[in-house]
Amino acid sequence: MRRENNNQIEASRAPLVGAALLAVSACVGASSSLGVISDGDAETDATLPAAASEGIGPAGGVVRLGDAAIRVPPGALSTVALITITIRRGWLPAGYDLYSPYYEFGPQGLSFAIPATVMLPERGAPTSASIYWSTGDGVRYEPLVTTVDGDIASAKVSHFSTGFVGEAAAPP
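Residues numbered from 1 in each chain as written. Predicted model: local features only at pLDDT ≥ 70, side-chain atom pairs only at ≥ 80, totals over all residues. Heavy atoms only, no water.

Caption draft 1: Here's a closer look at the overall build of the chain. Summing up its helical and strand segments, the chain has 1 helix and 13 strands in all. Ordering the α and β elements of the chain from the N terminus gives β-α-β-β-β-β-β-β-β-β-β-β-β-β. A total of 172 residues make up the chain; the buried ones form 41% of that total. (Helix = DSSP H or I, 4+ residues; strand = E, 2+ residues; numbered from the N terminus. Buried < 20%, exposed > 50% of the residue type's maximum accessible area, 1.4 Å probe, protein only.)

Caption draft 2: Region of interest: the pattern of salt bridges. Applying the stated criterion across every chain yields a total of 1 salt bridge. Among the ionic pairs, R88 bridges to E104, the shortest N-O distance being 3.7 Å. On the criterion of sequence distance, the pair formed by R88 in the loop between β5 (81-87) and β6 (96-98) and E104 in strand β7 (residues 103-106) is long-range, its members being 16 residues apart. (Salt bridge = Lys/Arg side-chain N within 4 Å of Asp/Glu carboxyl O.)

Caption draft 3: Highlighting unusual backbone geometry. In this structure, the amide linkage connecting G106 to the following residue, P107, adopts the cis form with an omega of 10 degrees. When you line up the elements, P107 lands in the loop between β7 and β8 (111-121).

Caption draft 4: Spotlight on the side chain of E122. Relative to the helices and strands, E122 is located in the loop between β8 and β9 (130-134). Within polar-contact distance, the side chain of E122 engages the backbone nitrogen of G124 at 3.4 Å. When near neighbours in sequence (up to four residues on either side) are disregarded, E122 contacts Y99, V148, G150, D151 and V165. (Polar contact = N/O pair within 3.5 Å; in protein donor to acceptor, adjacent residues only side chain to side chain. Contact = heavy atoms within 4.5 Å.)

Caption draft 5: Main features of the confidence of the model for the chain. On average, residues of the chain carry a pLDDT of 78, and 72% of them reach 70 or more. Within the model, pLDDT remains below 50 along residues 1-35, and this stretch shows 41 contacts once partners closer than five positions in the same chain are excluded. Counting interchain partners and residues more than four positions distant, the pLDDT-below-50 stretch residues 37-44 has 27 contacts. (pLDDT = per-residue confidence, 0-100.)

Caption draft 6: Region of the structure containing the packing of aromatic side chains. One pass over the full model with this rule turns up 11 aromatic pairs. Taken together, a centroid distance of 5.9 Å and an interplanar angle of 35 degrees make the contact between F105 and F160 tilted. On the criterion of sequence distance, the pair formed by F105 in strand β7 and F160 in the loop between β12 (152-159) and β13 (162-168) is long-range, its members being 55 residues apart. Just as F105 is buried, F160 falls in that class too. (Phe/Tyr/Trp six-rings, centres within 6.5 Å; stacked < 30°, edge-to-face > 60°.)

Caption draft 7: Looking closely at the nonpolar core. By size, the foremost hydrophobic cluster in this structure holds 32 residues, and its most contacted members are I70, I83, F105, V118 and I131. Every element with two or more residues in this core is listed here: β2 (51-56), β3 (61-65), β4 (68-72), β5, β7, β8, β9 and β12. Setting aside chain neighbours within four positions, we find V118 in contact with A69, I70, F105, I131, W133, A153, S154, A155 and V157. (Core = buried A, V, L, I, M, F, W, Y, C linked by side-chain atoms within 4.5 Å.)

Caption draft 8: Structural context of the environment of E104. Residue E104 is classed as partly exposed on the basis of its relative accessible area, which comes to 28%. Considering only alpha carbons, one finds E104 and G163, 59 residues apart in sequence, at a separation of 6.5 Å. With sequence-adjacent residues up to four places away left out, E104 is seen in contact with T84, I85, T86, R88, S161 and T162.

Caption draft 9: Summary view of the pairing of β9. Of all 5 residues that make up β9, 5 are buried, and the element is covered over most of its length. Of the pairings in the sheet, the one linking β9 to β13 comprises 4 bridges and is antiparallel in character. Residue I131 lies in a different strand from β13, and its bridge partner there is V165. With 3 bridges joining them, β9 and strand β10 (residues 141-143) adopt antiparallel strand pairing. Counted as the bridge partner of W133 is E142 from β10. In this antiparallel pair of consecutive strands, β9 and β10, the connection spans 6 residues, and G138 shows a positive phi of 75 degrees. (Pairing = 2+ DSSP bridges.)

Laid out in C-alpha cells, this is it:
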C-alpha cells in the first residue's frame with residue numbers, strides 16, 4: 001500500500017481548518033480516538049443529505065455528496081447509468097478504524113472500462129490510513145493506493161461497491 005500526502009494547508013485556511021477540527025472532535029464525543037468514527041456517528045453534518053445521484057454516460061461526469069465525490073472519466077461507461085452515493089448509517093465494518101463516513105456507491109457492481117476516481121473526506125486520519133474498498137464479493141475490504149490533498153483522500157476504482165477512509169484496527 002502506498003500513500004501519497006499532499007497535505008499543505010495555506011496559512012489563510014489554517015484557522016478555519018483548526019476551528020472545523022475542534023467542531024468535529026466535539027461532535028465525535030464517544031469515539032475511541034481523535035477522528036475515529038463510531039457506530040451511530042457515520043456523519044456529523046446533519047444538513048448533509050443521505051444520498052445523491054446523477055446520470056452519467058460515455059462523456060463522463062462527477063457526482064457529489066458533500067465532500068465525497070466520484071469522477072467518472074470519458075470512455076469509462078458505454079451507456080448512461082444512474083450513479084449514486086449513499087451514506088450508510090447504523091452499521092460500520094468490524095475490524096477497522098474509520099476516518100470518514102461509510103459510503104455505498106451504485107449501482108452495486110458497476111464496472112468501468114477506465115478506472116474512476118473516488119474522493120472521500122477524512123478527519124484526523126493518520127498517514128497510514130487508506131481508502132478501503134469492498135471486493136467484488138462485497139465481504140472483504142482492500143486498501144487502495146490513496147492520495148491525500150488537504151482533508152480529501154482519493155483513489156482509483158474499477159467497480160462500485162462500499163468504501164471508507166480507515167485502517168485495520170489494532171488487536172484488543
